[in-house]
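Observations on the model geometry
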Amino acid sequence: MLSKQQFWPWACTLLSLSTFGNVAKADNPIVQDIYTADPAPVVYNDRIYVFTGHDNNGATFYDMTDWRLISSADAVNWQHHGSPMSLTTFKWANANAWAGQVIERNGKFYYYAPVRHSTGAMAIGVAVSNSITGPYTDALGKPLVENNEIDPTVWIDDNGQAYLYWGNPGLYYVKLNADMISYSGGVNQVSLTTAGFGTRTGNAQRPTTFEEGPWLYKRNGLYYMIYAADCCSEDIRYSTGPTATGPWTYRGVIMPSQGRSFTNHPGIIDFKGNSYFFYHNGALPGGGGYARSVAVESFTYRSDGTIPQIDMTTNGPAQIGTLNPYVRQEAETIAWSSGIQIETCSEGGYSVGYIKSGSYIKVKGVNFGNGAKTFTARVASAGNGGDIQVRLDSQSGSIVATCTVRNTGGWQSWASVSCPVSNANGVHDVYFVYSSSDKNSYLFNVNWWQFA
Ligand code: FUB
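Residues numbered from 1 in each chain as written. Predicted model: local features only at pLDDT ≥ 70, side-chain atom pairs only at ≥ 80, totals over all residues. Heavy atoms only, no water.

1. Notes on the site of the ligand
- Taken together, Asp-38, Tyr-62, Met-64, Trp-98, Ala-99, Ile-150, Asp-151, Glu-212, Thr-263, His-265, His-280 and Arg-292 form the complete shell of residues around the ligand.
- One nitrogen or oxygen atom from the side chain of Asp-151 is found 2.5 Å from an oxygen atom belonging to the ligand.
- Here an oxygen atom of the ligand and a side-chain polar atom of Arg-292 are 2.8 Å apart.
- In the complex, the protein chains occlude 99% of the 280 Å² of accessible area that the ligand would expose alone.
- Within the shell around the ligand, the residues separate by chemical class into 5 nonpolar, 3 polar and 4 charged. (Near = heavy atom within 4 Å. Polar contact = N/O pair within 3.5 Å; in protein donor to acceptor, adjacent residues only side chain to side chain. Areas by Shrake-Rupley, 256 points an atom, 1.4 Å probe, with all protein chains shown as cover. Nonpolar A, V, L, I, M, F, W, Y, C, P; charged D, E, K, R; others polar.)

Encoded structure:
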């Protein structure tokens, strides 16, 4: 995979770390080994979890078959959690694993997702799990709502009333019951007025800018409806209201149409005192309208609660705190990667695989404090192995440790390798650069790493 600098044609001037006084910034897009779309962030247990769709390589339509999940404690290093749910979860569905959202209630997690019913119409299913990372199982064995429209968003108001909105071309909502898998009062259709959703020109069928991808939330007493607008290419706009059911007042554009994908899809959260806007674009190599990638920006609400314009960047938000290298870190905790894939691990969870010479993983803002002495990695190899070079601050930065990995007897036969570390003090971006004289073969897999 190319470096970001090679493929970001509309990039803002890339700013060096020194410009920010050594504050690590996220790298956008935040997943590099696969195409991801339709981000749905949720804060849980001091982490941001982002549920995404998964675009296929070479796709010519949204023939998506599973969803993906990543999480972060610092908004720059993202742990991959594989696929929490797939199309097969909904036995009554046969295509289109599109834009979903997860919400927690009373220790259970509810995943609302649009899929194509085997009858042919788009419908919204609900799946449930006891763990945010899944697996999720179909809660009903049939659609929760079905009117051939898509893109559910869910919000629980202060009084406990939950709302599920969805729609394209319309906008609908139901009041969910406390069980989160049924509703009362029937399906309500929002009247899409230009006062509420802005004026679209040149499309008599769709006089307002609302297109799809609604995202409902409440902040400081104000209800927000964010949505993809004014297709195509879409931009992101928003409306606000005094209640979860409006009346809605149009507030304008948040993110202009940018970034090589003719769709976009919003998700907004507050986390550790910061506000984050998730979206997608076509920024990865081979990216475009059907090969999208999720990215994130931080922003600050104006004092009246309105949202400023947010542009796509390659830098993304600043890191919250630093990453502790003296506790075990999953190898699939990544700020940026090249030439790797994530796969399930026989020791549990996930590991990094398909590593070749020249592949690398960047982890941002690693705090070595007074200095690390030893590096340990959990590895497996059915091949000839190779070296893990631990470099600081760039792919070609100084090498502070080199661990040699040999054949362990299988790609899931795990062993620990350790090597001495020198001159690793303070806070640095760490690049794990994988190296071998064999430039063609897979070298080894990595499950976790830890400094001492
Ligand atoms: O990912 C498939 C569809 O594309 C989503 O449901 C829409 O929001 C658009 O992003």
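2. As for the environment of Val-296
- Residue position: Val-296 is located in strand β21 (residues 293–299).
- For the pair Val-296 and Asn-28, spaced 268 residues apart in sequence, the C-alpha separation works out to 6.9 Å.
- Sequence-distant contacts of Val-296, that is, excluding residues within four places in its chain, are made with Asn-28, Ile-30, Tyr-276, Phe-277, Phe-278, Tyr-279, Gly-316 and Pro-317. (Helix = DSSP H or I, 4+ residues; strand = E, 2+ residues; numbered from the N terminus. Contact = heavy atoms within 4.5 Å.)

3. Section: the sheet that holds strand β20 (residues 274–281)
- With antiparallel pairing, 3 strands are arranged side by side in an open sheet as β19-β20-β21. The sheet is open, and its two edges are formed by β19 (267–271) and β21, each paired on a single side. Within this sheet the neighbouring strands show an average axis-to-axis angle of 30 degrees, counted without direction.
- Across 7 bridges, the pairing between β20 and β21 is antiparallel. (Pairing = 2+ DSSP bridges. Axes fitted to C-alpha atoms, helices over the stretch in contact; angles between N-to-C directions.)

4. Focus on the nonpolar core
- Counting 45 residues, the largest nonpolar core has Phe-51, Ile-226, Phe-277 and Ile-307 as its most contacted members.
- Beyond its immediate stretch of four places on either side in the chain, Phe-51 contacts Asp-38, Pro-39, Ala-40, Val-42, Arg-68, Leu-69, Pro-84, Val-102, Tyr-111, Ile-132 and Tyr-136.
- With 35 residues, the next largest nonpolar core counts Ala-331, Val-390, Val-400 and Leu-443 among its residues. (Core = buried A, V, L, I, M, F, W, Y, C linked by side-chain atoms within 4.5 Å. Buried < 20%, exposed > 50% of the residue type's maximum accessible area, 1.4 Å probe, protein only.)

5. Remarks on the sheet that holds strand β32 (residues 427–435)
- Here we have 5 strands laid out as an open sheet, ordered β24-β27-β32-β29-β30, and antiparallel in their pairing. A strand with exactly one partner marks an edge of an open sheet, and here the two such strands are β24 (336–338) and β30 (399–405). Neighbour-to-neighbour, the strand axes of this sheet turn through a mean angle of 20 degrees, independent of strand direction.
- Pairing analysis gives 6 bridges linking strand β29 (residues 386–392) to β30, with the strands arranged antiparallel. When the bridges of β30 are listed, Gln-389 appears paired with Thr-402.

6. Overview of the environment of Ser-131
- You can see Ser-131 is positioned in the loop between β9 (122–129) and β10 (137–138).
- Along the primary structure Ser-131 and Asp-46 are separated by 85 residues, whereas in three dimensions their C-alpha atoms are 15 Å apart.
- Discounting residues that sit within four places of it in the chain, Ser-131 has contacts with Phe-109 and Tyr-136.
- At 2.9 Å, the side chain of Ser-131 forms a polar contact with the side chain of Thr-133.

7. Here's the deal with the domain arrangement of the chain
- Taken as a whole, the chain is organised into domain 1 (17–299) and domain 2 (329–451).
- For domain 1 and domain 2, the distance between their C-alpha centres works out to 34 Å.
- Each partner contributes to the interface: domain 1 provides 18 residues, whereas domain 2 provides 16 residues.
- Note on domain 1 versus domain 2: buried area summed over both sides is about 1,400 Å², and carbon and sulfur give 49% of it. (Domains from an automatic or database assignment. Buried area = accessible area lost by both parts, 1.4 Å probe.)

8. Let's talk about a nonpolar patch on the surface
- A contiguous nonpolar patch, built from Tyr-354, Trp-411 and Tyr-442 and spanning about 280 Å² of accessible area, is present on the exposed surface.
- Here Tyr-354 shows up in the loop between β26 (350–353) and β27 (360–367). (Patch = residues over 30% accessible without salt bridge, like charges linked within 9 Å, V, L, I, M, F, W, Y side chains within 5 Å. Salt bridge = Lys/Arg side-chain N within 4 Å of Asp/Glu carboxyl O.)

9. Regarding the confidence of the model for the chain
- Considering every residue of the chain, the mean pLDDT works out to 94; 94% of them sit at 70 or more.
- The low-confidence segment residues 1–22, where pLDDT is below 50, has 36 contacts with residues more than four positions distant or belonging to other chains. (pLDDT = per-residue confidence, 0-100.)

10. Some words on the environment of Met-122
- Relative to the helices and strands, Met-122 is located in strand β9.
- Distance in space between the C-alpha atoms of Met-122 and Asn-147 is 6.9 Å, their sequence separation being 25 residues.
- Leave out the neighbours within four places in its chain, and Met-122 touches Asn-96, Trp-98, Pro-114, Val-115, Arg-116, Glu-146, Asn-147, Asn-148, Glu-149 and Ile-150.

11. Some details on the state of the cysteines
- In the structure shown here, the tally under the stated rule is 2 disulfides.
- Two residues, Cys-231 and Cys-232, share a disulfide whose sulfurs are 1.6 Å apart. Residues Cys-231 and Cys-232 are joined through a disulfide that is left-handed, its torsion about the S-S bond being -45 degrees.
- A relative accessible area of 26% means that Cys-231 is categorised as partly exposed.
- Across the disulfide from Cys-403 sits Cys-419; the S-S distance is 2.1 Å. Judged by the sign of its S-S torsion, about -110 degrees, the cystine formed by Cys-403 and Cys-419 is left-handed. With Cys-403 in strand β30 and Cys-419 in strand β31 (residues 410–420), this residue pair connects regions lying 16 residues apart in the sequence. (Disulfide = S-S within 2.5 Å.)

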